[in-house]
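Spelled out from the first residue to the last, the chains are:
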Amino acid sequence: MSRIQKTFAQLKKEGRKALIPFVTAGDPAPEQTVAIMHALVEAGADILELGVPFSDPMADGPVIQKACERALKKGTTTLDVFQLVTEFRKKDQTTPVVLMGYLNPIEALGYDTFVKAAAMAGIDGVLVVDLPPEEAEEFADLLKGQEMDSVFLLAPTTTLERARKIAAAGSGYLYYVSLKGVTGSATLDIPAVAEKLNEFAGITDLPLAVGFGIRDGQTARALAEVSDGVIVGSALVSQIAELADQPEKIVPRLQEVLGEMRQALDA
Amino acid sequence: MSKYADLLKLPDARGHFGKYGGRFVSETLSFALEQLDEQYRRLSADPDFQAEFDRDLALYVGRPSPLYPAERWSQHLGGAQIWLKREDLNHTGAHKVNNTIGQALLAKYSGKPRVIAETGAGQHGVATATVAARLGLKCQVYMGADDVQRQSPNVYRMKLLGAEVIPVESGSKTLKDAMNEALRDWVTNVDDTFYIIGTVAGPHPYPQLVRDFNAVAGREARRQSLEQIGRLPDALIACVGGGSNALGLFHPFLTDDEVAMYGVEAGGDGLETGRHAAPLNAGRPGVLHGNRTYLMEDAAGQIIETHSISAGLDYPGVGPEHSYLKDIGRVQYEVATDKEVMEAFQDLCYFEGIIPALESSHALAYAKKLAQTMKPDQHLVVNLSGRGDKDIMTVAAMQGISL
Ligand SMILES: Cc1ncc(COP(=O)(O)O)c(C=O)c1O
């Protein structure tokens, strides 16, 4: 059983929902990332999603675009991201880490090199935003060969027929994009999300996590009720942006924000 | 039979040209692209749709555009006879309108009330605003903030035509960032918005349909060559930004093995300086804006800033079909530097009384070199993709003149 499977199995037994924070690796600087990861786990994260910075993050809103810019300005490369996870794994061997990013930096390294280095670093899954299952076969096979999961997106525009294909290609969990838009948007329609998730739940045994536009405990809670977990990104990254030049304040602030979500989920 | 016969079958059903092309988008857009693909397949086989497209091109765009012999310039150069495919005479002043007429018809049939576009030089933005006005569609155009500055006449034209121009402040503030922003808009408004992409790039089926709509220029040029030269030309030359005017000219000639083809990328300050926009000459394959193609990127796979005197070529990628045509050797890809471009620009003004777009002047600059190596009984067709009115500020600034 993979770390991701174990995590969801354990949560199910306890009747709890997964809380999955997202931060961009190297934001505001690579030296901060490992401390931020540990802090998020301490504040109640079940799985960590770590963004791999890219110059042209087409699916992201301004908050995560700027996070990529900050990380790139500090010279963060994909190889550095592996280094950061390796460092994180020295103290934490149980929390799953999923990389989320775009295809071009992966192709620049080469699929083979990327996958081997990711496995060595202790990464559990990879979500490539601009790599739909039709184009993903080779990459997904390589991940599988190293016992890592391929996490794919489902969207409000995904038909049931497509969702079946995506579910068949995916492993670990499926990431449902709660709205039509980029990360950090603010137009969440909870009943619509619930309806779509219900449909998708009927076609897969994989856990369904929901992300995009979750800013507070109340929304997190409402979405957790209709899914297996929630992903929180821009709400955290915007805190990092605010404190980018007072890095010592980042950890306590993130713990406060994520802690509130954890409480809301478990209440 | 042509050794290139298989080229006419591309792309395959999933949008691949060999290993290039494809559909690399986030999931939200997959459905819209599948729908567009299905709609385009249906309409492109529908004689009524084709007739409507042809009628618009004739009555609104003013097609066919002439194939003009640049006799005085050719004589001056003392080599091959240079012919200009006069896309600069199209309504709105560039080849871009061929494509926007086609895509606006698709938008009309899809029932979507809003169109968006990205633009570099502003020519595609103007061409989109134009067709949107004519069909009564709401139109918003994304344009890099730097390009808004250097192409201000076109910004005003778009506004006159009722479009809203949205300056893009992210990244390098040029065409690639405008395309990022347009994709973000489309993801958000996919239900009621048709995205009119301005070149043969983007996710499948865009590279295919933009090529097909532009191919009218190549079909005409082929017919005109037979009529006016009495045979096919020895070579074709076109500038390559994303590559739509080039493919529009080249595609109907691909299986004429005796016709050589040259795509000319923006050499900027020179390839050796790194300040250019020539992915086919100096980049490597990667994935950006929904397709796999040659890109300008650093060792870590981050997209790097490009440089060109012409905003319309200032793009780090190129249409995937060009990547394939390069690899198999059907088309040669060359560069022209900013300096060579300025000289060719001035030549055409001086010898032919035509002010060319700076983009098209890249093709002219290479034609100038190539013609001089050829004989007077040989013939070159150059795609004069646009007129240069929009560029007079840039040229004046280069000459140290303020208007
Ligand atoms: C006149 C003209 N030619 C060429 C181009 C480059 O585009 P493409 O390479 O798609 O033809 C542009 C783009 O703005 C243009 O305005």
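These numbers were taken from a predicted model, which means no experiment stands behind them.

**Overview of the interface of chain A and chain B**
Contacts between chain A and chain B engage 36 residues on the former and 37 residues on the latter. When the two sides are added together, the surface that chain A and chain B hide from each other amounts to roughly 2800 Å², 48% of it contributed by carbon and sulfur. Linking chain A with chain B are six salt bridges. Here chain A and chain B share 20 residue pairs in polar contact (both at pLDDT 80 or more) between them. For the side of chain A that touches chain B, the elements supplying multiple residues, two or more each, are α3 (62-73), α5 (103-109), α7 (133-145), β6 (152-154) and α8 (160-169) of chain A. Class assignment for the residues of the side of chain A that touches chain B results in 19 nonpolar, eight polar and nine charged.

**Observations concerning the nonpolar core**
Counting residues in each nonpolar core, the largest one holds 113 residues, and the members touching the most others are Tyr-173 and Tyr-175 of chain A together with Leu-106, Trp-186, Tyr-195 and Tyr-206 of chain B. The dominant element in this core, judged by the number of residues it contributes, is helix α8 (residues 175-188) of chain B, at seven residues. Here this core spans two domains, and each of domain 1 (17-58 + 96-206) and domain 2 (62-93 + 215-398) of chain B adds at least three residues to it. For Tyr-206 of chain B, the residues in contact, after removing those within four places along its chain, are Leu-33, Leu-36, Gln-103, Trp-186, Phe-194, Tyr-195, Ile-197 and Ala-201 of chain B. In terms of nonpolar packing, the next biggest core, distinct from the first, is built from 65 residues, Ala-43, Leu-48, Val-232 and Leu-254 of chain A among them.

**Remarks on the sheet that holds strand β7 (residues 164-168) of chain B**
Residue and element names in this part refer to chain B. The four strands are arranged β7-β6-β5-β8 in an open sheet whose pairing can be described as parallel. Single-partner strands in this sheet number two, and they are β7 and β8 (193-195). In this sheet, neighbouring strand axes are inclined to one another by 25 degrees on average, regardless of whether the strands run parallel or antiparallel. Two elements, strand β5 (residues 114-119) and β8, share three bridges in a ladder whose sense is parallel. Residue Ile-116 lies in a different strand from β8, and its bridge partner there is Tyr-195. Sitting on the sheet, helix α5 (residues 123-135) touches β5 and β6 (138-144), and the angle it makes with β5 is about 165 degrees. Taken strand by strand, α8 contacts β5, β6, β7 and β8, and its axis lies near 160 degrees from that of β5.

**Side note on empty space enclosed by the protein**
Residues and elements named next belong to chain B. Tallied over the entire structure, the rule returns seven cavities of 30 Å³ or more. Secondary-structure elements contributing two or more residues to the lining of the largest cavity are β5, α5, α8, α10 (244-250) and α14 (358-372). By residue class, the composition of the lining of the largest cavity is eight nonpolar, 17 polar and four charged. Each of two domains, domain 1 (17-58 + 96-206) and domain 2 (62-93 + 215-398), supplies a minimum of three residues to the lining of the largest cavity. Computed from the structure, the second largest cavity encloses a volume of approximately 110 Å³.

**Section: the confidence of the model for chain B**
When pLDDT is averaged across chain B, the result is 97; 100% of the residues are at 70 or more. Across the interface, the model reports ipTM at 0.96; the global pTM reads 0.97.

**A short note on a nonpolar patch on the surface**
All names here are of chain B. The grouping of Ile-355, Ile-392, Met-393, Ile-401 and Leu-403 at the surface amounts to a nonpolar patch, some 490 Å² of accessible area in total. Secondary-structure assignment places Ile-392 in helix α15 (residues 392-398). With relative accessibility at 41%, the residue Ile-392 sits in the partly exposed group.

**Concerning the site of the ligand**
Residues and elements named next belong to chain B. Close to the ligand lie 18 residues, the nearest being Thr-199, Gly-241, Gly-243, Ser-244 and Ser-385. A distance of 2.6 Å separates an oxygen atom of the ligand from a polar atom in the side chain of Ser-244. Considered on its own, the ligand offers 390 Å² of accessible surface; in the complex 98% of this is hidden by protein. Here the ligand is seated within the largest cavity. Grouping the amino acids of the shell around the ligand by side-chain chemistry returns five nonpolar, eleven polar and two charged. Mapping the shell around the ligand onto the domain boundaries places at least three of its residues in each of domain 1 (17-58 + 96-206) and domain 2 (62-93 + 215-398).

What counts as what
Residues numbered from 1 in each chain as written. Chains lettered and ligands numbered in written order. Predicted model: local features only at pLDDT ≥ 70, side-chain atom pairs only at ≥ 80, totals over all residues. Heavy atoms only, no water. Contact = heavy atoms within 4.5 Å. Buried area = accessible area lost by both parts, 1.4 Å probe. Salt bridge = Lys/Arg side-chain N within 4 Å of Asp/Glu carboxyl O. Polar contact = N/O pair within 3.5 Å; in protein donor to acceptor, adjacent residues only side chain to side chain. Helix = DSSP H or I, 4+ residues; strand = E, 2+ residues; numbered from the N terminus. Nonpolar A, V, L, I, M, F, W, Y, C, P; charged D, E, K, R; others polar. Core = buried A, V, L, I, M, F, W, Y, C linked by side-chain atoms within 4.5 Å. Buried < 20%, exposed > 50% of the residue type's maximum accessible area, 1.4 Å probe, protein only. Domains from an automatic or database assignment. Pairing = 2+ DSSP bridges. Axes fitted to C-alpha atoms, helices over the stretch in contact; angles between N-to-C directions. 1 Å grid on protein atoms, 1.4 Å probe; cavity = no way out; pocket = protein on both sides within 12 Å on 5 of 7 lines; lining within 4 Å. Points joined across faces, edges and corners; volume = space filled by probe spheres on them. pLDDT = per-residue confidence, 0-100. Patch = residues over 30% accessible without salt bridge, like charges linked within 9 Å, V, L, I, M, F, W, Y side chains within 5 Å. Areas by Shrake-Rupley, 256 points an atom, 1.4 Å probe, with all protein chains shown as cover. Near = heavy atom within 4 Å. Sits in = over half its atoms within 2 Å of the grid points.

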